[in-house]
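Descriptive structure summary
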Amino acid sequence: MFGKRFVSSTHILLSPLAAALLVLGTAATAAASPTAPKPKVAQAATACVGGTAAGFACKNVDLQSHLPLSSIGGGSGSGGWGWTDSTTGKEYAIAARSNGTAFVDITDSVNPVYLGNLPSATGTSSWRELNVYNNTVYVVSDSNGQHGLQVFDLTRLRGVTSPQTFSANSRNTDFGAAHTVTVNYDTGYLFVNGSDTCSGGPRVYNLANRLAPSFVGCVSGDGYTHDAQAVVYHGPDSRYTNKEILVASNEDTVTTWDVTTKTSPVQLSRVSYSGYGYVHQGWFTTDQRYFLEDDETDEVNNAHNTYTYVWDMTSLTSPVLLGHFTGPTAASDHNQYVKGNYSFQSDYKAGLRIIDLTNVATPASMTEAAYFDTYPSNNSNGYAGTWNNYPYYPSGNVAVFDIQGGLFVVHPNLGTPVETVAVTNPGNQTTTVNTAVSLQISATDSAGKPLTFSATGLPAGLSISGSGLIAGTPTATGTSNVTVTAISGTANGSASFTWTVSPVVTGGIVNGGFENGNLSGWTATGASETVTVSGPHSGTYAAMLGSTAITNGASTIAQTFTAPTGTTTLGLWYDVVCPDTVTYDWATATLKDNTTGTTTTVLAKTCVADSGWVHKTAAITAGRSYTLTLTSRDDDYVGDPTYTKYDDVTLS
């Protein structure tokens, strides 16, 4: 549900929108509608036949079981998540409620077993949210005093057969109130959103010690974050491959961050749209090209049916709103999660809605594949009905968490899902003849199947392994058009790029691609100079000047060379991360002609939040001696370390 804007760590102020809606939301969650179903006993499994199941409207979704709030600890419902025990294979639903957190064994989905309650750390609240990582659940609550972060070891549920009152393993009180909690399941970092610290932005914790999270930084540059998704990026914007990307829903904007360096997050974009109400939550598609966003209040404000907004994220620095899918009801939307080719949406009074993403590139053409309406009274806008859902159980079941109705376990019948393969484009490659190369191609399959790789058009001397590693030594110069294909056996995907093999230039730049794995051939001076394997322009290595931590002053590498016969141009690639301004921090490159004594600026002082790889050139004269100097400067100011990567310094 909509959140409150925190403007500082000590003073709390509601935005006008949130203040107006708080009254509505509290009323909606405090009690059920007089006509909303409130069963006193659990309901049995019922197939969806003729558009209904046990009195609930449905399409292609069967009811497995329904536990009312009275049978899982009482109170009113809010968030929820799921856990599958990798040791036992058992599936659990974890239901947040106004007075605590309930644990339900749903392994036998038609006979769920309530295992007990973790009481609230403070009082009651309509807002309680949680997330799961590494057999641990992390619980926050809003408008609930100094609740902080409850940490509970889910392996304690093994062997429990009758309801218990549990206590938390630990409780972090670095903050008091918070609205939602996000986990990057690939990196093990937790983001507490909308807290009374970090200006309301994500508060980041390392979960290496899962029962004692350690604080590592704030993502506070755009104020209050209501919810977010964090991923290791493998989408189409090759500038950010393997970086940790966080997309935040910030009330009035979708704001994208590079949070690879937790102490120095870099804002990549901040976008909004006409007619927004409350930018609430969203999720990447499996290929990370599109971001689906739900706006919680646009249905109320603008009197239209449910909108699902689709952003094209081909460029993380310039997202483009493609349009919206219009749902069949007027219900307000709340949360959604993508699994395979479907978005599983919790649309308050319209219940669980499952959207087919086959036509996601043209949002108006998308269709609804299935639904289960947990709030049969009506499908109008407003804040009652389902709050959240969890669709990621291996069984294919979905847990649906309802404000008035409690826990529903349902099973969608979606037929055979459309399997897709997405290949990450590595970008155009430049290497030198007779110099060994190694390039790993990445791809994902929506069904999770293993992939086999092949390629056409590779330069002579190069080949690709079945696992996607392009390796070998190019034997001829020229530019090739390469297409790499990944195959699962039943689906495939491709990516195309050029590969230029340049001639060896004798007597020129030494180790210009840093493929020696060190700085041989260069003279290094200053604060920090190294060779890195993280995101080079091509090959395996790049030179990194400066650090992801603060450094003091300029970091420099330089090389003196003689321009060989037939060369006229010096080229280099740079990638600067500079969260400050050019007044204080910068990257620069100069070329001194030692014959005439003149100096050319190849790269003027540059400070960009994250430039990505950029190519620069300068004219040279064959036979002359030159000194090339590459620099990255950081002013040692806490919170905005600057560093620059250089790669592929060539003469042609």
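Here the structure is a predicted model, which is why all the values come from computation and not from measurement. (Residues numbered from 1 in each chain as written. Predicted model: local features only at pLDDT ≥ 70, side-chain atom pairs only at ≥ 80, totals over all residues. Heavy atoms only, no water.)

**Focus on the overall build of the protein chain**
- Counting secondary structure elements, the protein chain contains two helices and 50 strands.
- For 652 residues, the compact-globule estimate of 2.2 N^0.38 gives 26 Å, and the C-alpha radius of gyration of the protein chain, at 27 Å, lies within 12% of that figure.
- Taken across its 652 residues, the protein chain has 56% of its residues classed as buried.
- Considering only contacts within the protein chain whose residues lie at least 6 apart along the sequence, 60% involve residues at least 24 apart.
- For the protein chain, the distance from the average position of its 28 positive side-chain charges to the average position of its 47 negative side-chain charges is 4 Å. (Helix = DSSP H or I, 4+ residues; strand = E, 2+ residues; numbered from the N terminus. Rg over C-alpha atoms; globule rule 2.2 N^0.38 Å. Buried < 20%, exposed > 50% of the residue type's maximum accessible area, 1.4 Å probe, protein only. Contact = heavy atoms within 4.5 Å. Lys, Arg positive; Asp, Glu negative; His and termini not counted. Charge placed at Lys NZ, Arg CZ, Asp CG, Glu CD.)

**Here we look at the layout of surface pockets**
- The computed volume of the second largest pocket comes to approximately 950 Å³.
- Secondary-structure elements contributing two or more residues to the lining of the second largest pocket are β33 (429-432), β34 (437-440), β45 (569-577) and β50 (643-651).
- The residue makeup of the lining of the second largest pocket, split by class, is nine nonpolar, 22 polar and five charged. (1 Å grid on protein atoms, 1.4 Å probe; cavity = no way out; pocket = protein on both sides within 12 Å on 5 of 7 lines; lining within 4 Å. Points joined across faces, edges and corners; volume = space filled by probe spheres on them. Nonpolar A, V, L, I, M, F, W, Y, C, P; charged D, E, K, R; others polar.)

**Considering the pattern of salt bridges**
- Throughout the structure, instances matching the rule amount to 14 salt bridges.
- The residue R158 makes a salt bridge to D85 at a minimum N-O spacing of 2.6 Å. With R158 in the loop between β10 (149-153) and β11 (164-165) and D85 in the loop between β4 (77-84) and β5 (91-97), the pair connects residues that are 73 residues apart, well separated along the chain.
- Residue R158 is classed as partly exposed on the basis of its relative accessible area, which comes to 34%. (Salt bridge = Lys/Arg side-chain N within 4 Å of Asp/Glu carboxyl O.)

**Section: the state of the cysteines**
- Inspection of the entire model under this criterion finds three disulfides.
- Disulfide partner of C198: C218, at an S-S distance of 2.0 Å. Because the sign of the S-S torsion sets the handedness, a value of about -50° for the bond joining C198 and C218 places this disulfide among the left-handed ones. With C198 in the loop between β14 (189-193) and β15 (203-206) and C218 in strand β16 (residues 214-218), this pair connects stretches of sequence that are 20 residues apart.
- A residue is classified by how much of its surface remains accessible, and C198, at 8% relative accessible area, is buried.
- Note that C578 is cross-linked by a disulfide to C607, the S-S spacing being 2.0 Å. Sign of the S-S torsion, about -90° for the bond between C578 and C607, identifies this disulfide as left-handed. Taken as a pair, C578 in the loop between β45 and β46 (586-593) and C607 in the loop between β47 (599-606) and β48 (614-619) lie far apart in primary sequence, 29 residues in all. (Disulfide = S-S within 2.5 Å.)

**A word on the sheet that holds strand β39 (residues 478-487)**
- If you walk across this open sheet you meet the four strands as β33-β40-β39-β36, and the pairing is mixed. The sheet is open, and its two borders are formed by β33 and β36 (452-456), each paired with just one other strand. Strand-to-strand twist across the sheet, computed as the mean angle between neighbouring axes with direction ignored, equals 30°. (Pairing = 2+ DSSP bridges. Axes fitted to C-alpha atoms, helices over the stretch in contact; angles between N-to-C directions.)

**Considerations on the side chain of H147**
- Its location among the elements puts H147 in the loop between β9 (136-142) and β10.
- Only 3.5 Å separates the side chain of H147 from the backbone nitrogen of A121, close enough to count as a polar contact.
- Every residue in contact with H147, bar those within four places of it in the chain, is listed here: S120, A121, T122, R128, V139, V140, S141, R171 and G176. (Polar contact = N/O pair within 3.5 Å; in protein donor to acceptor, adjacent residues only side chain to side chain.)

**Side note on the packing of aromatic side chains**
- Using the criterion set out here, one finds 23 aromatic pairs in the structure.
- Taking 5.9 Å as the distance between ring centres and 65° as the angle between the ring planes, the aromatic pair formed by Y205 and F215 counts as edge-to-face. Within this pair, whereas Y205 is found in strand β15, its partner F215 is found in strand β16, the two being separated by 10 residues in sequence.
- Judged by relative accessible area, Y205 falls into the buried class, the value being 0%.
- Under the relative-accessibility criterion, F215 is labelled partly exposed at 38%. (Phe/Tyr/Trp six-rings, centres within 6.5 Å; stacked < 30°, edge-to-face > 60°.)

**Description of the pairing of β47**
- Sheet analysis places β46 next to β47, joined by five bridges and oriented antiparallel. Opposite A589, over in β47, you have L603 as the bridge partner.

**A look at the sheet that holds strand β29 (residues 386-390)**
- Taken together, the four strands give an open sheet; going across it, the order is β3-β31-β30-β29, and neighbouring strands pair in antiparallel fashion. Among the strands making up the open sheet, the edge pair consists of β3 (61-67) and β29. Across the sheet, the mean angle from the axis of one strand to that of its neighbour is 25°, orientation sign disregarded.
- With five bridges joining them, strand β30 (residues 398-402) and strand β31 (residues 406-412) adopt antiparallel strand pairing. By the bridge assignment, V400 is partnered in β31 with F408.

**Quick notes on empty space enclosed by the protein**
- Enumeration according to the criterion identifies three cavities of 30 Å³ or more in this entry.
- In this structure, the largest cavity spans a volume of roughly 70 Å³.
- D258, T260, T261, S264, V266, T548, V577, D610, P641 and Y643 together form the lining of the largest cavity.
- Within the lining of the largest cavity, the residues separate by chemical class into four nonpolar, four polar and two charged.
- Approximately 60 Å³ is the volume attributed to the second largest cavity.
- Around the second largest cavity, the lining residues are T306, T308, F325, G327, P328, T329, Q345, D347, R353, I355 and E368.
- A breakdown of the residues in the lining of the second largest cavity according to their chemical character gives three nonpolar, five polar and three charged.

**Comments concerning the side chain of N389**
- Topologically, N389 is positioned in strand β29.
- A polar contact is formed between the side chain of N389 and the side chain of S346, at a distance of 3.0 Å.
- Discounting residues that sit within four places of it in the chain, N389 has contacts with W81, N335, Y337, F344, Q345, S346, L352, V398, A399, V400 and F401.

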